[in-house]
Amino acid sequence: ALSLWRGPAADGVTLHGFAAEAAALDERRLTVFEDRVDLDLRLGRHRRLVGELQAHVRSHPLRERPWAQLMVALAGTERQADALAAYQQLRATLVDQLGIEPGTMLRQLQQVVLSGGDTTAAYLQDLATQAPDPEASPTEPAPAVDGPPAPPPGQRPAQLPLDVYGFAGRERELAALDAMVAAAGQQPTAVMVAVVCGSAGVGKTALAVHWAHRMSDRFPDGQLYVNLRGYDPAGPAVPAHAAVRGFLDALGVPVARIPADLTAQAALYRSALAGRRMLVVLDNAATVEQVRPLLPGSPGCVVVVTSRDQLSGLVAVDGARPLALDVLTTGEARELLAGRLGGARLAAEPDAVAEIVAGCSRLPLALAVVAARAATRPRLPLAALADQLRPAGRLDAFSDTDPSGDVRTVFSCSYQALEPAAARLFRLLGLHAGPDLSEAAAASLAGLPVGRSRPLLGQLLRGHLLTEPAAGRYAFHDLLRAYAAELALAHDVEADRRAAVTRLLDHYLHSAHPAALLVSPHRDPITLSPPLPGAVLVPPADVAAAMAWFDAEHLTLLAALDLAATAGLDQHVLRLAWTMPEFLDFRGHWQDLTGIQRTALAAARRLGDRAEQARFQRSLGYAYSRLGSYGDAHAELRQALALNRELNDVTGEAHSHRLIAHTLEAQGEFERALGHAQQALALYRAADHLIGQARALNMIGWYHTNLGDHQEALAQCRAALRLSQQVGHPPNEAATWDSLGHAHHHLGQYGQAVDCYQHALALYRQVGDRHREAGVLGYLGDTQHTAGDPAAAHESWRQAVRILDDLRHPEADRVRAKLRQRAGTAVG
């Protein structure tokens, strides 16, 4: 059948919309070819396959299955070195073009080649575990294997915010959106995209969310929502990669499958939505570039975008339907007030109502603020509120774009009603840069205990000058934030504003520091200056609380780092940057990890602190290596190394060599990694840096065992162990026991390997390093399985998966694959 095929499907034929069908035929042919190669491998025809497969992978460099077949064919002809070179070639291509690592099958094949095993048998066994057994009984229960925790909210996300109580009017706009959905059926392959645009405070978000709730039952696969913060005056917009990453998390895509490159992330997002009926709301967008990667490709999906911009590029290129939103009609404005204050109260003062509607310029946000003020004081005559609206005044930012909306006057009405302490807190909240903030952060801004600031926050909530999107967390509408910041500039002297910002940063720093030490207790310590009086500190009690705190404050900490840089508080920048890397690394937020190191490096340069510059260049190099950007990683590490030499910083030079070795290890270049680890050891010895010597000795042993010299690995690691025990450094002692276990395993000394891994586990549990504990459990399971104890191996791998899932670490899927292979069924 394959011999009858000639060229691409329908080659030279005008397809008129059938390109997808032709592509499907091409895909089918490739699959048949690969099935035929599998049969040839079963028949032992390795030598005749090599040339054919080499040509095939050149034509299809991103298909992993033929690369695996090529590795098997090469190894089957005693060309193990070429098989490993093929693996490295594929890995370099995947990392460079997609930002991802090879799949489980290829990684396992690489290990089989390295160990000298039968690659054909391993490959065919892996195929058998992936395919259903036609002889198996359909009623036979599969072995129980732990899967990942259901990602909240799992496969059916429901992310829409709360619908606005008392939503009024907009019948014409709601009908227009309904008509757009109906019209989408006229072109069943297209995705309907609506762009709701208009000035700030006109109710774009309220309309989109209200309509989305009305239509939610039409989308059985769920709703996705993100506030892109396109016009947030306090900080940058949410980048497309962060928004796509959030959607992939909500859709349950494992972290290990999420590439670093935005283009690849967007493609994975579209694949995750293929065949689904999903409603996607992209709120507060700034640019077309911010939105386009978030558009699904599945025709069952509908997208609603809100923006102050018309996003004409989205309309022209992507066929989006524009819906311009104006202020309410007079009738709709009255309806809004009646829904919140009651018809009887409005009927008693019709003239005052008319003045309020006119004074608010029929702007929904302004009307809502006034209604809240009236609702909290039911005996206050509406005429009194109308009087307060008469003084003219506007937010400068909207004097051109929204001449009909007197937002400043409306906000001033509620602001003037505040107690002095609440008014001061409101002003200072405008200095906060994050998307939201906790009670402790708000109290730190004000320099008050939480018990005294909480009632003030309650006043702001009741006056709709603040919202509470989650229990104990507070947020601004962007107009309110701008107004608060404007008031702070007008009423608070520069010294008071700077003191408030410093207290806020001290709150984050002195809370993040103990949290970082809980997450990674073996870190080299830093010295902190005492916090300013009034900064509220919330050190977490244990590792779980520390990770939960970092999860809650993740985006806020990134904003705090930028705030510190903008305020010229570069020492805070350096110390805040020190607190976050382990959390970001565990969670797989490697782009954020890279960003904070860049910010810290810039601060070190401004301070003229060349030692700190070298340190953060090393850290930036590590961050690049986690992204798979090995060229950038080596560039930063080489610069750090050169700077260490200029400064005659022998210890720093050793650190740089150690991280270069780590990066080369990640690239699979163990020979070169070994050379740099040996240079690091010599430098650590020259500096009499005992912990560094112990770490370098362990790395040297680890590289020897990966290069097959297990006896030398044992010698180096035993020296590392003695030194780690001498200086009392449990983390490196644990790492060395782990390396010893690996060497004993490959020497066939399984009992000794298990003992070594148990020592490592006990030490990692002692210091609370759950990430590395999971790594040891994975290796322990490998040894137990090889030694013929599959039940013990299953338990070790299961414990490793539980820890990695708790940490939301991408390594969880690699360990889960071992459970899947043993169980012979899909997991998680």
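Residues numbered from 1 in each chain as written. Predicted model: local features only at pLDDT ≥ 70, side-chain atom pairs only at ≥ 80, totals over all residues. Heavy atoms only, no water.

A. Molecular detail of the overall build of the chain. Along the chain, the regular secondary structure elements total 38 helices and eight strands. Taken across its 828 residues, the chain has 52% of its residues classed as buried. Of the roughly 35,500 Å² of accessible surface on the chain, 53% is carried by carbon and sulfur atoms. (Helix = DSSP H or I, 4+ residues; strand = E, 2+ residues; numbered from the N terminus. Buried < 20%, exposed > 50% of the residue type's maximum accessible area, 1.4 Å probe, protein only. Areas by Shrake-Rupley, 256 points an atom, 1.4 Å probe, with all protein chains shown as cover.)

B. Structural context of the sheet that holds strand β6 (residues 437-438). Taken in spatial order, the three strands line up as β6-β8-β7 in an open sheet, and their pairing is antiparallel. The sheet is open, and its two edges are formed by β6 and β7 (467-470), each paired on a single side. Alignment of β6 against strand β8 (residues 473-475), held across two bridges, turns out to be antiparallel. The residue bridging L437 from the neighbouring strand is Y474, located in β8. (Pairing = 2+ DSSP bridges.)

C. Main features of the side chain of H655. Position of H655 among the secondary structure elements: in helix α30 (residues 650-666). Its relative accessible area of 13% is what places H655 among the buried residues. Within the local environment of H655, its side chain forms a polar contact with the side chain of Y684, the two groups lying 2.6 Å apart. With residues up to four places along the chain from it excluded, the contact list for H655 reads R618, Y684 and H689. (Polar contact = N/O pair within 3.5 Å; in protein donor to acceptor, adjacent residues only side chain to side chain. Contact = heavy atoms within 4.5 Å.)

D. Highlighting the pairing of strand β4 (residues 302-307). Where burial is concerned, most of β4 is hidden: six out of the six residues are buried. Of the two faces of β4, the one carrying V302, V304 and T306 and the one carrying V303, V305 and S307 are both buried. Across six bridges, the pairing between strand β1 (residues 192-197) and β4 is parallel. Bridge assignment links V195 to a residue of β4, and that residue is V305. In terms of strand pairing, strand β3 (residues 279-285) meets β4 through five bridges, oriented parallel. Paired with L282 across the strands is V305, a residue of β4.

E. The arrangement of the sheet that holds β3 in detail. Across the sheet, five strands lie side by side as β2-β3-β4-β1-β5; this open sheet has parallel pairing. Looking at which strands have only one partner, the edges of the open sheet turn out to be β2 (223-227) and β5 (321-324). For this sheet the average axis-to-axis angle between neighbouring strands, irrespective of direction, equals 15°. As paired elements, β2 and β3 share five bridges and run parallel to each other. Within β3, the position partnered with Q223 by the bridge is L279. Taken strand by strand, helix α8 (residues 204-215) contacts β1, β2, β3, β4 and β5, and its axis lies near 165° from that of β4. (Axes fitted to C-alpha atoms, helices over the stretch in contact; angles between N-to-C directions.)

F. Quick peek at the pattern of salt bridges. Tallied over the full model, the rule gives 29 salt bridges. Where D178 meets R214, a salt bridge forms, and the shortest distance between an N and an O atom there is 2.9 Å. Here D178, found in helix α7 (residues 171-184), pairs with R214, found in helix α8; they are 36 residues apart in sequence, far enough to count as distant. According to the relative accessible area criterion, D178 is partly exposed, its value standing at 28%. The network of salt bridges with common partners includes E34, D35, D38, R63 and R65. (Salt bridge = Lys/Arg side-chain N within 4 Å of Asp/Glu carboxyl O.)

G. Quick peek at the packing of helix α13 (residues 330-341) against helix α15 (residues 350-359). Orientation of α13 relative to α15, taken along the N-to-C sense of each, is 110°, at an axis distance of 10 Å. Judged by the angle between their axes, α13 and α15 are roughly perpendicular. The way α13 lies across α15 gives a crossing that is right-handed. Residues T330, A333, R334 and L337 of α13 lie in contact with α15, whose contacting residues are P350, V353, A354, I356 and V357. A class-by-class count of the residues in the contact of α13 with α15 yields seven nonpolar, one polar and one charged. (Parallel < 35°, antiparallel > 145°, perpendicular 65-115°, else oblique. Left-handed = near helix turned anticlockwise from the far one by under 90°. Nonpolar A, V, L, I, M, F, W, Y, C, P; charged D, E, K, R; others polar.)

H. How the structure looks around helix α29 (residues 630-646). The end-to-end C-alpha distance of α29 is 24 Å, a good match for the 24 Å that 17 residues give at a rise of 1.5 Å each. Along α29, the positions that sit buried rather than exposed are Y630, A633, H634, E636, L637, A640, L641, L643 and N644. Phi turns positive one or two residues past the end of α29, at N648, with a value near 55°. (Expected span 1.5 Å × (residues − 1).)

I. Looking closely at the nonpolar core. In this structure, F426, L429, Y508 and F550 are the most contacted members of the largest nonpolar core, which totals 104 residues. A per-element tally of this core places helix α24 (residues 543-566) first, with 11 residues. Ignoring anything within four residues of it in the chain, the contact list for F550 reads A512, A515, A516, V519, L557, T579 and F583. (Core = buried A, V, L, I, M, F, W, Y, C linked by side-chain atoms within 4.5 Å.)

J. View of the confidence of the model for the chain. When pLDDT is averaged along the chain, the result is 85; 89% of the residues meet or exceed 70. No element of the chain has a lower mean pLDDT than helix α18 (residues 407-416), at 68, and none a higher one than helix α20 (residues 439-446), at 97. Segment residues 392-406 is flagged for pLDDT under 50; beyond a separation of four residues in sequence, or across chains, it makes 34 contacts in the model. (pLDDT = per-residue confidence, 0-100.)

K. Quick peek at α13. In this model, α13 (12 residues) spans 16 Å end to end at C-alpha, consistent with the 16 Å of a helix rising 1.5 Å per residue. Buried residues of α13: E332, A333, L336, L337 and L341, and no others. Down the axis of α13, the buried set is contained in an arc of 155°. They therefore lie on one face. Once α13 ends, the next one or two residues include G342, with phi positive near 95°. (Arc of directions from axis to C-beta.)

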